[in-house]
Amino acid sequence: MMLDHGTLEQDHNNQTDILRHKMRHSAAHIMADAVLQLFPQAKMGIGPPTQDGFYYDFDVPQPFTPDDLIQIEELMNKTISQNQPFIRKELTRDEAKLLFADQPYKLEIIEAIPDAETLSIYSHGNFTDLCQGPHVENSSDIPAMKLLNIAGAYWRGDESRPMLQRIYGTAFENQEALEDHLEKLEEALRRDHRTIGRDLGLFSAHEEIGPGLIVWHPKGGILRSLIEDYWRDIHYRHGYNIVYSPHIGKSNLWETSGHLGFYKENMYAPMEIDDQEYFLKPMNCPFHIMIYRSGLHSYRELPLRIGELGTVYRYERSGVMHGLMRVRGFTQDDAHIFCMPDQVESEVGGVLDLTFEILNAFGFKDYQISLSTRPEKYVGELSLWDHATSSLESALQSRGLEHDIDEGGGAFYGPKIDIKIKDALDREWQCSTVQFDFNLPERFDLTFQDSDGERRRPYMVHRAILGSLERFFGVLIEHYAGAFPLWLAPNQVTIIPIADRHYDYCESVRDTLSNSGFRVEIDNRGERMNQKIRQAQMQKVPYMLVIGDREQENQMISARSRESGDLGSMSVHDLISKMQSEIK
RNA sequence: GCCCCUGUGGCGCAAUGGUAGCGCAUUCGAUUUGUAAUCGAAAGGUUAGGGGUUCGAGUCCCCUCUGGGGCUCCA
């Protein structure tokens, strides 16, 4: 949630942002300058500043190498040290076309700029680029800069257009800020859920199984079942009905739902069973609709909320898979709400409240909310769209939730609210989503009997809060860097006997804790205590209990916490109370 | 799917075209330890897979697959 942080700080942040924006934009120009000096045949694409850096795209005969990057950076530093002023000039279309006659991508950009807009160029040294600006005054106003990596990128993001070579870099107002940023990138790498997932034994993927298909290991499995238990419990409390549905369904079902029409490229090839085609499910909605349709519904039953932890399979192109964040088989915490028009707003509000309650419980505080409105191509009546969109809007507003508006960004079947969570690398991942659907109720001819006896069409809302358990788990791992809060830690307590003669007492402590519902392990390897502590720390176990002669004699334990080290001696009972209060 | 990079014991890495090594982890033995790494030994690899060049390939070339950084799309 974006809360008000006070205007002073905001002003400062804005000014820094503007400064960085300008300096990065200018750095992109200086980079293009360097590239053209080294590779005169290069054709320039675009070179904008981004959230934390800048890039520039080039069409070059040979892709850049890491060595090229070093050379380019050297040349850039030279330009920066030469104090070259940035000069803005306005010019006519014809002048611009002449100037960029051998730069086809620039010509394309010029063509695309509306006639009413003034064209401008920025120059430094011998380099000139078509550009709106603004820029820093002088090349020396880029105190700290570094090129980061090379990647392919389609011209205008369109895969039917040529692939250009993109160079990413970043720039900051001083060396310290740059180093902080690089340090942050390293920290993000350390938090990478793929690394932590392996080190903590949470999950894995295998060449033998196939890309984008995850196996959850015992420790990941405990975490998942804790998440699922919490999810079920809170959903029951919020009036949801929890259901189960199969993984495949006949082609008829998917034809009726329309998925074979508009979602086929994400669905796997059908399998034939008794002369009928069956498809692996990419979504749960048709099954929930069949549950709805298996009886007549009175207005008294609405709203009807049907939820499921439903595992779906979607084809993802081979280059897009990413750890747990983007996979081919995943479990959605899906639900469908069937309701009457006058219930829409409170239902949407209820979903939002539930969403933030759940996300908060997992420790998430920073979200990015967006409302997506009606696209050009859509189904359903305009009045329904307007009603739905305004109810989404007012549900957000009445809760004081700041949000972006993605005009025309809704699905063809309804407007939606998306909520994104940031991962360790500041990439945003969509988890929660609330979507209206004006398509499926029509296609499946859903009705309810209203108080006046008439059959009416219910509103249908899709919603997911965690999104997919896989992705949510990935974000959770990075959020905590593997040091999960006590209630989620796969192993909550490791008991460390000092010598063999303490095993029996350790087992009695273990039993006491287990009987109170805690997950406990005893490390009875023939290792030194320090080694056992080290391993438990690296496994991010919240509590370690050191047990030796002193403890055994006094029937106590010596507790150590993952965060604050030695907590001293206490009774098992005290430890239990301490942990219980930490959990609730 | 596309562009680039990558692939060596479970993990992290090494090996000018000439005998595949090291650390961690594992197993066994010794040690019985007081708040982040005890010592020793053993075991573990057709260098992702397939083809080619070469007297000789982990190393060079081609194909396939995995993984990574992006583009596009999305939970």
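(A) Focus on the protein's contact with RNA strand B. Every one of the 55 residues lining RNA strand B counts as a neighbour, but Tyr 154, Met 163, Arg 326, Arg 534 and Glu 551 are closest to it. Of all RNA strand B atoms lying within 4 Å of any protein atom, the proportion belonging to sugar or phosphate reaches 47%. Contact distances for RNA strand B include 3.0 Å between a phosphate oxygen and a side-chain N or O atom of Arg 194. Note that a sugar or linking oxygen of RNA strand B is positioned 3.3 Å from one of the side-chain N or O atoms of Gln 531. Ranked by residue count, the leading element in the surface near RNA strand B is helix α16 (residues 529-538), at 6 residues. Considering only residue class, the surface near RNA strand B consists of 17 nonpolar, 18 polar and 20 charged.

(B) Examining the packing of aromatic side chains more closely. Counting across every chain of the model gives 24 aromatic pairs. Note on Tyr 378 and Trp 385: the rings are 5.7 Å apart at their centroids and 80° apart in plane angle, and the pair reads as edge-to-face. With relative accessibility at 0%, the residue Trp 385 sits in the buried group. A network of ring pairs unites the aromatic residues Tyr 230, Phe 362, Phe 364, Phe 472 and Trp 487 as a single cluster. For the cation-ring pair, Lys 281 lies above Phe 287, with the distance from its terminal atom to the ring centre recorded as 5.1 Å. Across the ring face of Tyr 378, the terminal group of Arg 374 is positioned such that the distance to the ring centre comes to 4.8 Å.

(C) Just the sheet that holds strand β13 (residues 271-273), in detail. Strand order in the open sheet formed by 3 strands is β12-β14-β13, and the pairing between neighbours is antiparallel. At either end of the open sheet lies a strand with only one pairing partner, and these are β12 (248-250) and β13. Strand-to-strand twist across the sheet, computed as the mean angle between neighbouring axes with direction ignored, equals 40°. Of the pairings in the sheet, the one linking β12 to strand β14 (residues 276-280) comprises 3 bridges and is antiparallel in character. Residue pairing for β14: Ile 248 is matched across the bridge by Leu 280.

(D) Highlighting helix α12 (residues 382-398). For α12, which comprises 17 residues, the first-to-last C-alpha distance of 24 Å matches the rise-based estimate of 24 Å (1.5 Å per residue) to within 8%. Of the residues making up α12, those classed as buried are Trp 385, Ala 388, Thr 389, Ser 391, Leu 392, Ala 395 and Leu 396. Relative to the axis of α12, the buried residues are bounded by an arc of 160° and lie together on one face. Turned more than 90 degrees away from the buried face of α12, the exposed residues are Gln 397 and Ser 398. Gly 400 lies just past α12 and shows a positive phi near 65°.

About the thresholds
- Residues numbered from 1 in each chain as written.
- Chains lettered and ligands numbered in written order.
- Predicted model: local features only at pLDDT ≥ 70, side-chain atom pairs only at ≥ 80, totals over all residues.
- Heavy atoms only, no water.
- Near = heavy atom within 4 Å.
- Polar contact = N/O pair within 3.5 Å; in protein donor to acceptor, adjacent residues only side chain to side chain.
- Helix = DSSP H or I, 4+ residues; strand = E, 2+ residues; numbered from the N terminus.
- Nonpolar A, V, L, I, M, F, W, Y, C, P; charged D, E, K, R; others polar.
- Phe/Tyr/Trp six-rings, centres within 6.5 Å; stacked < 30°, edge-to-face > 60°.
- Buried < 20%, exposed > 50% of the residue type's maximum accessible area, 1.4 Å probe, protein only.
- Lys NZ or Arg CZ within 6 Å of the ring centre and 35° of its normal.
- Pairing = 2+ DSSP bridges.
- Axes fitted to C-alpha atoms, helices over the stretch in contact; angles between N-to-C directions.
- Expected span 1.5 Å × (residues − 1).
- Arc of directions from axis to C-beta.

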